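Geometric and topological summary
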Amino acid sequence: MQTLSPQGYRQSGTQGAARSGMGPKLVMTGWAMSGLVILFLLAASVAPKLFGAAVATETLRSLGWDPRHTLLIGLIELACVILYAIPRTSVLGAIVTTGLLGGAIATQFRVDSPLFSHTLFGLYLGFLLWGGLWLRSPALRAIFPVGGPARASMDAPGSNEGRDHG
C-alpha cells in the first residue's frame, strides 16, 4: 500500500511509517482501532437494521424515529463504513461517519438519554474513528500534527532542537 509523506513523496508499508515519524507498531495500532470501529458499526448498528431485527426497529421507535426508515438508515451507515474501510476513501468516510455520529448524539440528547453512556457514545466512537485514521495516515498527521509545528520540527530527522547537548 502506498501513501504520501508530509512532503508529498510516495511511501509504502512500514517503510513509509518509519519515514513519517510513526513506528510500525503505532500504524498497526491505528489499523486495529479502525478495525474495531468498523466491526462495531457493522455488528451492532448496520446488521440489525439491514436484517430488520426487532431491537433495531424498537430502538429507533423509542428515539422518535419511524421504524419504516430502519433499512434506509442501515444502508446509509453501511455506505459510511465502506467509505471509511477503503484506504483511498477513508478520510471521506470518516467525515460522513462523523456527521452520522453527530446525528446520533443529537437524537440521544433530544430524548434526554443518559449523558455519559448514551449521548456521548457517538463522541467516543468518533475519537476512536479519527484516532485510528490519524495513526495510520501520514497525510492526515501532516495536516493535524499533534503538538503543533514546533513539535514537528523537533521530531524531524537531523534536528537537534529540544535535545540535551550536555
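Along each chain, residues carry numbers from 1 onward, in the same order as the chain's sequence is written. Given that the model is predicted, a residue must reach a pLDDT of at least 70 before its local features are reported, and side-chain atom pairs must reach 80 or more before they are shown or counted; all residues, however, enter totals for whole chains, interfaces and linings. Hydrogens are left out, water is left out, and the side-chain values use all remaining heavy atoms of the structure.

1. Focus: the confidence of the model for the protein chain
- Looking at the protein chain as a whole, its pLDDT mean stands at 85, while 76% of the residues score no less than 70.
- Confidence of the predictor at the level of single residues is given by pLDDT, which spans 0 to 100. Going along the chain from the N terminus, every DSSP run of H or I of four or more residues is numbered as a helix, and every run of E of two or more is numbered as a strand. Within the protein chain, helix α1 (residues 13-19) has the poorest average pLDDT of any element, 47, and helix α4 (residues 70-85) the best, 98.
- In the model, residues 5-19 has pLDDT below 50 throughout and makes 25 contacts with residues more than four positions away in sequence or in other chains.
- We call two residues contacting when some pair of their heavy atoms lies within 4.5 Å. In the model, residues 161-166 has pLDDT below 50 throughout and makes six contacts with residues more than four positions away in sequence or in other chains.

2. Considering the side chain of S113
- Residue placement: S113 occurs in the loop between α5 (90-110) and α6 (115-119).
- As used in this structure description, the phrase polar contact means that two N or O atoms lie within 3.5 Å; if the pair is within protein, one of them must be able to donate a hydrogen and the other to accept it, and residues adjacent in sequence are counted only when both atoms belong to side chains. One polar contact links S113 to Q108, side chain to side chain, over a distance of 2.5 Å.
- Not counting the four nearest positions on each side in its chain, S113 is found in contact with Q108, H118 and T119.

3. Looking at the pattern of salt bridges
- What makes a salt bridge here is a side-chain nitrogen of Lys or Arg within 4 Å of a carboxyl oxygen of Asp or Glu, nothing more. Inspection of the entire model under this criterion finds three salt bridges.
- Residue R61 pairs with E58 through a salt bridge whose shortest N-O separation is 3.6 Å. Residue R61 and its partner E58 are both found in helix α3 (residues 54-62); the two are separated by three residues, about one turn of the helix.
- Buried means the residue's accessible area, taken with a 1.4 Å probe over protein chains only, is under 20% of the maximum for its type, while exposed means over 50%, and partly exposed covers the values in between. Residue classification places E58 among the partly exposed residues on the basis of a relative accessible area of 43%.
- In this structure, the salt-bridge partner of R68 is D66, at a minimum N-O distance of 2.7 Å.
- Among the residues examined, R68 registers a relative accessible area of 66% and is labelled exposed.
- With relative accessibility at 34%, the residue D66 sits in the partly exposed group.

4. Overview of the nonpolar core
- Counting residues in hydrophobic clusters, the biggest one holds eleven residues: V37, I38, L41, V81, Y84, A94, L101, L125, L129, L133 and L140.
- Looking at this core, the elements that each hand over two or more residues are α2 (24-50), α4, α5 and α7 (121-136).
- Look past the residues within four positions of L41 in its chain and what remains in contact with it is V46, V81, T97 and L125. Residues belong to one nonpolar core when they are buried, are Ala, Val, Leu, Ile, Met, Phe, Trp, Tyr or Cys, and are joined through side-chain atoms within 4.5 Å.

5. What to know about the packing of aromatic side chains
- The criterion for an aromatic pair is that two Phe, Tyr or Trp rings (for Trp, the six-membered ring) have centres within 6.5 Å, with stacked assigned to planes under 30 degrees apart, edge-to-face to planes over 60 apart and tilted to the rest. For the structure on display, the rule yields one aromatic pair.
- Consider the rings of F40 and F121, whose centres lie 5.5 Å apart with planes at 55°: the pair is tilted. In this pair, F40 is assigned in helix α2 and F121 in helix α7, connecting sequence segments 81 residues apart.
- Overall, F40 belongs to the partly exposed group, its relative accessible area being 34%.
- The class of F121 is partly exposed, set by a relative accessible area of 36%.
- Taking the ring centre of W31 as reference, the NZ or CZ of R136 above it sits at 4.1 Å.
- One Lys or Arg, R141, reaches over the ring of W134 and ends 6.0 Å from the middle of that ring. We count a charge as sitting over a ring when the NZ of a lysine or the CZ of an arginine lies within 6 Å of the ring centre and within 35 degrees of the ring normal.

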